[in-house]
There are 2 protein chains.
Amino acid sequence: MEPAIKYRLIKTEKDTGARLGELITPHGTFPTPMFMPVGTQATVKSLAPEELDQMGAGVILANTYHLWLQPGEDLVKEAGGLHKFMNWQKPILTDSGGFQVFSLAENRNITEEGVHFRNPANGDKLFLSPEKAMQIENDLGPDIMMSLDECPPFFESYDYIKHSVERTSRWAERGLKAHANPDWQGLFGIVQGAGYEDLRRQSAQDLVSMDFPGYSIGGLSVGESKAEMNRVLEFTTPMLPTTKPRYLMGVGSPDSLIDGVIRGIDMFDCVLPTRIARRGTCMTSHGRLTVKNAQFARDFNPIDDNCDCYTCRNYSRAYIRHLFKADESFGLRLTSYHNLYFLLHLMGDVRQAIMDDRLLDFKEQFFEAYGYNVPNPKNF
Amino acid sequence: MEPAIKYRLIKTEKDTGARLGELITPHGTFPTPMFMPVGTQATVKSLAPEELDQMGAGVILANTYHLWLQPGEDLVKEAGGLHKFMNWQKPILTDSGGFQVFSLAENRNITEEGVHFRNPANGDKLFLSPEKAMQIENDLGPDIMMSLDECPPFFESYDYIKHSVERTSRWAERGLKAHANPDWQGLFGIVQGAGYEDLRRQSAQDLVSMDFPGYSIGGLSVGESKAEMNRVLEFTTPMLPTTKPRYLMGVGSPDSLIDGVIRGIDMFDCVLPTRIARRGTCMTSHGRLTVKNAQFARDFNPIDDNCDCYTCRNYSRAYIRHLFKADESFGLRLTSYHNLYFLLHLMGDVRQAIMDDRLLDFKEQFFEAYGYNVPNPKNF
């Protein structure tokens, strides 16, 4: 059987681990490295699918946990699947729900079988297992699905993490068996292991032996330092086959995207750009700008003078600040559009830099303009 | 001096007072009868200007009171005026702020000079006079402006309303004198008089003698019955010159629009379509539908099977209900789009019906489909 999704490696940069490629899915092909906007509840907050398409989003993410609880995966299936339900005809990726169960759910009890917890909204008892995650994701119908993994805190003991990694491998195996639609949905395994190199290796080897069409790196961006995350990526991505895509989960700050790409990551997702946008904070070519601030009350420049997005072409900081002050939702729609455009175009620039073998120079220039502290940018 | 705005009467329907025409303004021409979406704070809540254009909005309204208090008319002027500030290049109409001062402000004190009140947001003392309203509207820079009027309750005594009408005429005269930009902003007078025919006549005569380029009818849709409103319109519109546009303020239910057109009204505005949309209620060819209701949880039909708007072409009732349940703002964006499209297209149908001399038949069919009770639709 042909795998549902295929990765095509176009080139690996000379001086770094950065890869230029593309991911071919049943709903189309997107270039990598790619940032994936998050549409938790089958909508990228405040934006229309056409706007995401227009700004260059090649794939979006939806959250299994949220859609399972509301409106229910059975309803989404009855609607004809997520693509039809939410009017997005390009690729969709869903997570497994595991991260939310570990971070949001109440009265959580983890067993070998799965996770028992209560729905925080109504107190209902619920159970998420590797098989249940597959059934939900099969019903939701994304192009790319995630295995259920255990998501331990980063700073746990070696023994705790080892036990957790082994369980995650057993859960991955169970998920793979339960996956009903391998012909049109690609399932990724998730490499865990916190900051322990040999546990990351064990996790990677376990999963690679199961031959997933892609691999996620989980358990990062959960409180550890950026240096720590980079250190883990440096030894983890070489453990993964070059023929498969690598997805770093939950990472979305510009520096982490660039540093992840340098270390061989192909896909990223994060709520950061839309979450800070809703508070009036924008990413710009000169660093972060909180457009709500009083200093922008009479500033008739665009959010970013180097940006040609819909927001920057048509609206001033003063107008957007007014919308936030007046509690008008069009304000956060404009900042959300801008921030996603910013990250999607940053990734476009990153792809071009890989093509030109100048990603480290690009990083140095970008970091300096953005205001990141980079004493030795080439020592990545 | 050429007036800033000109009305062109194309035809008056044979059997009714309905008029087909167009209003020519510095920012373009729109056909009448027209419904004007309300963008209170320089934004039609949740929607982009391009969407309003796409759905056929020929003109939008903004509220002087709100923009005066936030961000301030001086800031809007500095931004280059409302059109540039909010990225809407078609006509804009502003009210005078009077209605809001009478309905929202605290510690209101009406004198011959103007209205003293406190800003409910911060307690600041403020003063709105006919001259101040002109200065604010001149600074905001809309194509069409309103005179400051006194907005009395509908069911007041004859003496109270007579006194109020006379003051409104004096204020209209003062506003006309204070208006700084008659070459590029058209100022309307507002006919008051509640339900008293002779006071409406006195008000109309006073204002018509001042030769405004358009006339508004105020003090309706404030608690009186629809029959009462229709009765007042029947005797009021004939008091106004056929060569000038007539604007019925604050009216937006489908039946009132049609009944207003039949009585010779050319322009309407109302927050109704967007306000009910934000609560999940839609206007459809079969009447109102509250898409939030449980009965639509698994209904994969569009909001209105006779509608070809963006919302109805792409999304199901089930999806939109999910968005409301999940508190996702894209839901009210979709219902707001639909409701405005519905009213704008209703007015398009009304214009065609006038052209074809069949507005009463159109009314009968529409009212029956919408579920209005129409025992004798021809007895308008």
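Residues numbered from 1 in each chain as written. Chains lettered and ligands numbered in written order. Predicted model: local features only at pLDDT ≥ 70, side-chain atom pairs only at ≥ 80, totals over all residues. Heavy atoms only, no water.

Under an unreviewed UniProt entry, the name given to chain A is Queuine tRNA-ribosyltransferase, and the source organism is Secundilactobacillus odoratitofui DSM 19909 = JCM 15043. The Pathway (unreviewed entry) comment attached to chain A in UniProt states, word for word, "tRNA modification; tRNA-queuosine biosynthesis." Under the heading Catalytic activity (unreviewed entry), UniProt records this for chain A: "7-aminomethyl-7-carbaguanine + guanosine(34) in tRNA = 7-aminomethyl-7-carbaguanosine(34) in tRNA + guanine". (UniProt positions renumbered as here; feature names shortened; annotations may be inferred.)

1. Focus: the relation of the copies chain A and chain B
Rotating chain A by 180° and translating it 0.0 Å along the rotation axis places it on chain B, where the RMSD comes to 0.0 Å. Such a combination of rotation and displacement between the chain copies is what one expects of a two-fold axis. A symmetric contact is evident, with 100% of the interface residues of chain A recurring at the interface of chain B. (Least-squares fit on C-alpha atoms with pLDDT ≥ 70 in both. Contact = heavy atoms within 4.5 Å.)

2. Here's the deal with the UniProt feature "binding site: Zn(2+)" (unreviewed entry) in chain A
Residues and elements named next belong to chain A. This chain's UniProt record puts "binding site: Zn(2+)" (unreviewed entry) on Cys-307, Cys-309, Cys-312 and His-338. The greatest C-alpha distance among the annotated residues, which extend across 32 residues, is 8.5 Å, indicating that they converge on a single site. Among the secondary structure elements, Cys-309 is positioned in the loop between strand 16 (287-290) and helix 12 (310-314). In contact with Cys-309, not counting residues within four places along its chain, are Tyr-337, His-338 and Tyr-341. Mapped onto the elements of the fold, Cys-312 is located in helix 12. What makes Cys-312 buried here is its relative accessible area of 8%. (Helix = DSSP H or I, 4+ residues; strand = E, 2+ residues; numbered from the N terminus. Buried < 20%, exposed > 50% of the residue type's maximum accessible area, 1.4 Å probe, protein only.)

3. Topic: the UniProt feature "active site" (unreviewed entry) in chain A
Residue and element names in this part refer to chain A. With numbering aligned to this structure, UniProt lists the feature "active site" (unreviewed entry) at Asp-95 and Asp-269. A maximum C-alpha distance of 10.5 Å places the annotated residues, which cover 175 residues in sequence, within one compact spot. Among the structural elements, Asp-95 can be located in the loop between strand 6 (92-94) and helix 5 (98-103). Among the residues examined, Asp-95 registers a relative accessible area of 9% and is labelled buried. Within the element layout of this structure, Asp-269 appears in strand 14 (residues 267-269). Judged by relative accessible area, Asp-269 falls into the buried class, the value being 9%. Contacts of Asp-269, omitting those with residues within four sequence positions, involve Phe-35, Met-36, Val-38, Leu-61, Tyr-247, Leu-248, Met-249, Gly-250, Val-251 and Gly-252. Of note is the side chain of Asp-269, whose polar atom sits 2.7 Å from the side chain of Tyr-247. (Polar contact = N/O pair within 3.5 Å; in protein donor to acceptor, adjacent residues only side chain to side chain.)

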